[in-house]
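These are the residues of each chain, in order.
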Amino acid sequence: MALTTSKFVLNQAQASPILSTARQNSVIMALGTQEVLGLGGTNVPVFLDEPEAAFVGEAARKPIWDPDVTNKTMQVRKLALTVPVSAETARANPGGVIESLSPKIGGAFARGLDNYVLHGGVSGADYVDQTTKAVELGTATQANGGTYADINAGLKLLVDDDRDFTGAIFDNTAEPILNAAVDLNGRPLFVDTPLTDGNPVVRAGRILGRPAYQAKGLKGATTNLGYLGDFARIHWGVLTALSVTFSTEGTLVQSDGSVLSAVQDNLVIVVAEMEVGYVIADTADFVKLTNATA
């Protein structure tokens, strides 16, 4: 009788390239704050005020900071991906299958995390699109600053609400807009800072002196072109190393509704899973950049 299912957890050498690809392709991982994620979740302290030190005189009383803090729980959630491959390929070199799929799996996990954090879909979890702050790109005429003025208007929404601006992210459909955007002195708005490994998936740069990233698919099903805000207040963590299941039985229902049979179609079904978590301190920390022409 043939072995129908096998499961293993990748060792560090095998998992590292996949996790590295996920980190390189995820704008949330790049700009957010990584936390240690426990089996039962992790409590993340959210500070609502900032401390300030003061000079004290000889024998004088030192100032006390009584922080206004609340806790948010980062729950453990599972990201998963199912991939059918030919049985001959999997039997000949199962390790090679993982090696060849690693970039795709890492990219899929990156997009999955980014989309859930930005657009929701996880029960009980906040998401960035819940913010009420928004600016339309394309509102200001070029004579009045164009896209530069629109981005600056988003910054004003943040500072007027005593929020920080630590980074910006843009869907790749905003790239032509950013490429043409200059300030009133003709200087480019988006300044490239290429990654050392020449990552072709995410374009790195700076906007108004802050780190900024462009990546495909960030807008999801929305018409949003990007987001500004305090991405350091998005906390994320990884609980377990990647696990992979090979199955030579069962069926796989594809997105178009068609059904693949592992036995009849001579396939091995590869299922990759990773347990992660995230929490957003406050959705008011962000500004949506919408499309004025949509």
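For the structure, check the block above.
Attention here is on the structure that accompanies the text. (Residues numbered from 1 in each chain as written. Predicted model: local features only at pLDDT ≥ 70, side-chain atom pairs only at ≥ 80, totals over all residues. Heavy atoms only, no water.)

## Remarks on the pairing of strand S9 (residues 202-207)
Moving on, step 1. Pairing between strand S8 (residues 190-192) and S9: 3 bridges, direction antiparallel. What sits directly across from Asp192, in S9, is Gly205.
Moving on, step 2. Bridging between S9 and strand S10 (residues 210-215) involves 6 bridges; their strand directions are antiparallel. Each residue of the ladder has a partner; that of Arg206, found in S10, is Pro211. (Pairing = 2+ DSSP bridges. Helix = DSSP H or I, 4+ residues; strand = E, 2+ residues; numbered from the N terminus.)

## Describing the sheet that holds strand S17 (residues 286-291)
Moving on, step 1. Spatial strand order, S6-S17-S11-S7-S10-S9-S8: 7 strands in an open sheet with mixed pairing. Looking at the sheet topology across the chains shown, the edges are occupied by strand S6 (134-137) and S8. The sheet shows a mean angle of 25 degrees between the axes of neighbouring strands, direction not considered.
Moving on, step 2. Strands in contact with helix H5 (residues 146-160) are S6, strand S7 (167-171), S9, S10, strand S11 (226-229) and S17; relative to S6, the strand with the most contacts, it is inclined by about 180 degrees. (Axes fitted to C-alpha atoms, helices over the stretch in contact; angles between N-to-C directions. Contact = heavy atoms within 4.5 Å.)

## Let's talk about the packing of aromatic side chains
Moving on, step 1. Here the structure, examined in full by the defined rule, presents 1 aromatic pair.
Moving on, step 2. Seen in terms of ring centroids, Phe231 and Phe286 are 5.0 Å apart; in terms of plane orientation they differ by 70 degrees. Their pairing is edge-to-face. Placement of the pair is Phe231 in the loop between S11 and strand S12 (234-238) and Phe286 in strand S17, with a sequence separation of 55 residues. With respect to burial, Phe231 and Phe286 carry one shared label: buried. (Phe/Tyr/Trp six-rings, centres within 6.5 Å; stacked < 30°, edge-to-face > 60°. Buried < 20%, exposed > 50% of the residue type's maximum accessible area, 1.4 Å probe, protein only.)

## Brief notes about the pattern of salt bridges
Pairing is possible between side chains of opposite charge, provided their charged atoms come close.
Moving on, step 1. Under the counting rule described, the total for this entry stands at 11 salt bridges.
Moving on, step 2. Of the charged contacts in the structure, one is a salt bridge between Arg163 and Asp161, with a shortest N-O distance of 3.1 Å.
Moving on, step 3. With a relative accessible area of 19%, Arg163 lands in the buried category.
Moving on, step 4. Residue class for Asp161 comes out partly exposed when judged on its relative accessible area of 32%.
Moving on, step 5. Asp285 serves as the salt-bridge partner of Arg233, at 2.6 Å between the closest nitrogen and oxygen. (Salt bridge = Lys/Arg side-chain N within 4 Å of Asp/Glu carboxyl O.)

## Digging into the side chain of Thr283
Moving on, step 1. Within the secondary structure, Thr283 sits in the loop between strand S16 (267-280) and S17.
Moving on, step 2. The exposure class assigned to Thr283 is buried, which follows from its relative accessible area of 15%.

## Examining H5
Moving on, step 1. An ideal rise of 1.5 Å per residue puts 21 Å on 15 residues; H5 measures up with 21 Å between its terminal C-alpha atoms.
Moving on, step 2. For H5, every residue scored as buried is listed here: Gly146, Thr147, Asp150, Ile151, Gly154, Leu155 and Leu158.
Moving on, step 3. Of the residues one or two after H5, Asp162 is the one with positive phi, at around 60 degrees. (Expected span 1.5 Å × (residues − 1).)

## Considering the pairing of strand S13 (residues 243-247)
Moving on, step 1. Counting buried positions over the 5 residues of S13 gives 5, a clear majority of the element.
Moving on, step 2. When S13 meets S16, the two strands line up antiparallel, connected through 5 bridges. Looking across to S16, one finds that Val244 is bridged to Ala272.

## Things to note about the nonpolar core
Moving on, step 1. Formed by 40 residues in total, the largest nonpolar core has its most connected members in Val117, Val128, Ile169, Phe231 and Ile234.
Moving on, step 2. Tallying contributions element by element places S16 first for this core, with 7 residues.
Moving on, step 3. Apart from residues lying up to four places away in sequence, Ile234 is in contact with Ile28, Gly32, Thr33, Val117, Val128, Val279, Ile280 and Phe286.
Moving on, step 4. Core analysis: the second largest hydrophobic core is formed by 19 residues, Val135, Phe165, Ala181 and Leu225 among them. (Core = buried A, V, L, I, M, F, W, Y, C linked by side-chain atoms within 4.5 Å.)

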